[in-house]
Structures are given as structure tokens and as C-alpha cells.
Amino acid sequence: MDLEDVARLNADYGLLISYWRGKIVPPAEIPRRADLELMDLHAIAPRLVMIDVESDDNGQPLYKWRFSGTFLRDVIGVEMTGMYLHEVADAETARQTVEAYRSVVKRHEAHFWTRNIGIQSLDRSFVTYSRLILPLLGTGDDVEHMIGVYVFDETRAWTTTAQQQQWRFVIEQPQGG
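These notes cover the structure that comes with them.

Quick notes on the rules
Residues numbered from 1 in each chain as written. Predicted model: local features only at pLDDT ≥ 70, side-chain atom pairs only at ≥ 80, totals over all residues. Heavy atoms only, no water. Helix = DSSP H or I, 4+ residues; strand = E, 2+ residues; numbered from the N terminus. Buried < 20%, exposed > 50% of the residue type's maximum accessible area, 1.4 Å probe, protein only. Contact = heavy atoms within 4.5 Å. Areas by Shrake-Rupley, 256 points an atom, 1.4 Å probe, with all protein chains shown as cover. Polar contact = N/O pair within 3.5 Å; in protein donor to acceptor, adjacent residues only side chain to side chain. Expected span 1.5 Å × (residues − 1). Arc of directions from axis to C-beta. Pairing = 2+ DSSP bridges. Salt bridge = Lys/Arg side-chain N within 4 Å of Asp/Glu carboxyl O.

**Focus on the overall build of the protein chain**
Moving on, step 1. Secondary structure summary: the protein chain contains five helices and six strands in total.
Moving on, step 2. Element order for the protein chain, N to C, with α for helix and β for strand: α-α-β-β-α-α-α-β-β-β-β.
Moving on, step 3. Put simply, the protein chain has 177 residues, and 42% of those count as buried.
Moving on, step 4. Residue pairs at least 24 apart in sequence account for 54% of intrachain contacts in the protein chain once pairs closer than 6 positions are excluded.
Moving on, step 5. Working note: accessible area of the protein chain is about 9500 Å², and carbon and sulfur atoms make up 48% of it.

Laid out in C-alpha cells, this is it:
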């Protein structure tokens, strides 16, 4: 799916894509993190993430949320700002997310997906969301950061009483759940 198609899915995606494109300084084809100001995106900040790409002692990539919006914290039940992916996600979630993030870093391309998250709403159905991640350059020509926005099923009546079951992506809805 190209960015034009994604932008048409939801106004939040359109806003982020337009902003991201507006921050590109040729000859680069993607913007630098230093050129972005999160306050410019205040309208979508509760669902916004900014992720830093770091390396462990063995040179393996680590992904740390520099910023994670308050809506995400409320839905997932975990404050992710300042946390690493492996600190908050189960093994399968981490594997799938690392695969997606590696693709963004390696290809310098956006990543979009629609998933069910392993959090049940009060009606016991699983929550569906989609997410767009866009690459950001660091000080050189490498992708060292990413920015993204999550869009949740708008038919949900979100309340603070919804209970977190477990933070993991669910490929198939569990039987008898």
C-alpha cells in the first residue's frame, strides 16, 4: 500500500504523511528527526509514537520509544515512553515488531499494518488498530528514528475501565474467549 492510499484511510494518517513530507530537505528523500517538532502534531499526539533505533553491546538493534502518546498508554495499560520494545512486549509481539522496524530502517520506507491487539474491550471482543510508521534520518544518512501514528477502531466506546488482558498482537482470536 502506498502512502497516498494510506492517507485516504484516515485523517490522522494524512496529517502525519503531509507533515513528514513537508519536512524533507532535498537531496534527502526522508526528513531528519531534528527537523520535526512534535508540538506541530498536537492534534494526533495522543496516538503518536517516536522510536529511536539503538544497538546493544553485540550490535543488535534495539528499539526505544522516545515518545508514546497518552491514548496508547491508556489503551495498552503501559507507559511506553522511555521503554525498549523488549521490556514491554511478549516474544511474538517483539519478533513481529522488530521485523517491521528492521524493514523501515533497511529500506528507508514506511510500514503499515492492521492488527488485533490482545486487549479485550468490555464486550470481550478484541481491539483492532492500524499503524503507520515512517522513517527519519539521524545526523547522517541512516534511519535512526521512526515516527508513527496508531488508529483504533472508531466504533469502540473507550473507557478507562477497560481492562488490559495482555499486550500482544493476536493473529487469530482465541476460541472460547
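**Some remarks on the environment of Asp90**
Moving on, step 1. Within the secondary structure, Asp90 is located in the loop between α4 (85-88) and α5 (91-107).
Moving on, step 2. At 3.1 Å, the side chain of Asp90 forms a polar contact with the backbone nitrogen of Glu92.

**Some thoughts on helix α2 (residues 11-22)**
Moving on, step 1. Over its 12 residues, α2 extends 16 Å from the first C-alpha to the last, a length consistent with the 16 Å expected when each residue adds 1.5 Å.
Moving on, step 2. Taken together, the buried positions of α2 are Asp12, Tyr13, Leu16, Ile17, Tyr19 and Trp20. Projected down its long axis, α2 carries its buried residues within an arc of 165°, all on one side. More than 90 degrees from the buried face of α2, the exposed residues found are Ala11, Ser18 and Gly22.
Moving on, step 3. Residue Asn10 occupies the N-cap position of α2, its side-chain oxygen lying 2.7 Å from the main-chain nitrogen of Asp12.

**Points about the pairing of strand β2 (residues 61-68)**
Moving on, step 1. Relative to β2, strand β1 (residues 48-55) runs antiparallel, the two sharing seven bridges. Bridge pairing in β2 places Met50 opposite Phe67.

**Some details on α5**
Moving on, step 1. Helix length check: α5 (17 residues) gives 24 Å between terminal C-alpha atoms against 24 Å at 1.5 Å per residue, within 8%.
Moving on, step 2. Every buried residue of α5 is listed here: Thr93, Ala94, Gln96, Thr97, Val98, Ala100, Tyr101, Ser103 and Val104.
Moving on, step 3. Once α5 ends, the next one or two residues include His108, with phi positive near 60°.

**With respect to the pairing of strand β5 (residues 143-152)**
Moving on, step 1. For β5, the tally of buried residues reaches nine of 10 residues, placing the bulk of the element in the interior.
Moving on, step 2. For β1 and β5, the ladder comprises five bridges, and the chain directions are antiparallel. When the bridges of β5 are listed, Val49 appears paired with Gly148.

**Re the pattern of salt bridges**
Moving on, step 1. On inspection of all chains with the given rule, the structure shows nine salt bridges.
Moving on, step 2. Between Arg73 and Glu79 there is a salt bridge, with its nearest N and O atoms 3.8 Å apart.
Moving on, step 3. Judged by its relative accessible area of 31%, Arg73 is partly exposed.
Moving on, step 4. The exposure class of Glu79 is partly exposed, given its relative accessible area of 35%.
Moving on, step 5. Overlapping salt bridges, with partners in common, bring together Arg73, Asp74 and Glu79 in one network.

**A few points about the environment of Asp153**
Moving on, step 1. Along the chain, Asp153 turns up in the loop between β5 and β6 (169-170).
Moving on, step 2. The partly exposed category is assigned to Asp153, whose relative accessible area is 25%.
Moving on, step 3. Sequence separation between Asp153 and Val127 is 26 residues; the distance between their C-alpha atoms is 7.0 Å.

**Observations concerning unusual backbone geometry**
Moving on, step 1. Here the amide bond leading from Pro26 into Pro27 is cis, since omega sits at 15°, within 30 degrees of zero.
Moving on, step 2. With respect to the helices and strands, the residue Pro27 is situated in the loop between α2 and β1.
Moving on, step 3. Even without glycine at this site, His108 takes up a positive phi of about 60°.
Moving on, step 4. If you trace the backbone, His108 turns up in the loop between α5 and β3 (111-120).
Moving on, step 5. Among the residues examined, His108 registers a relative accessible area of 32% and is labelled partly exposed.

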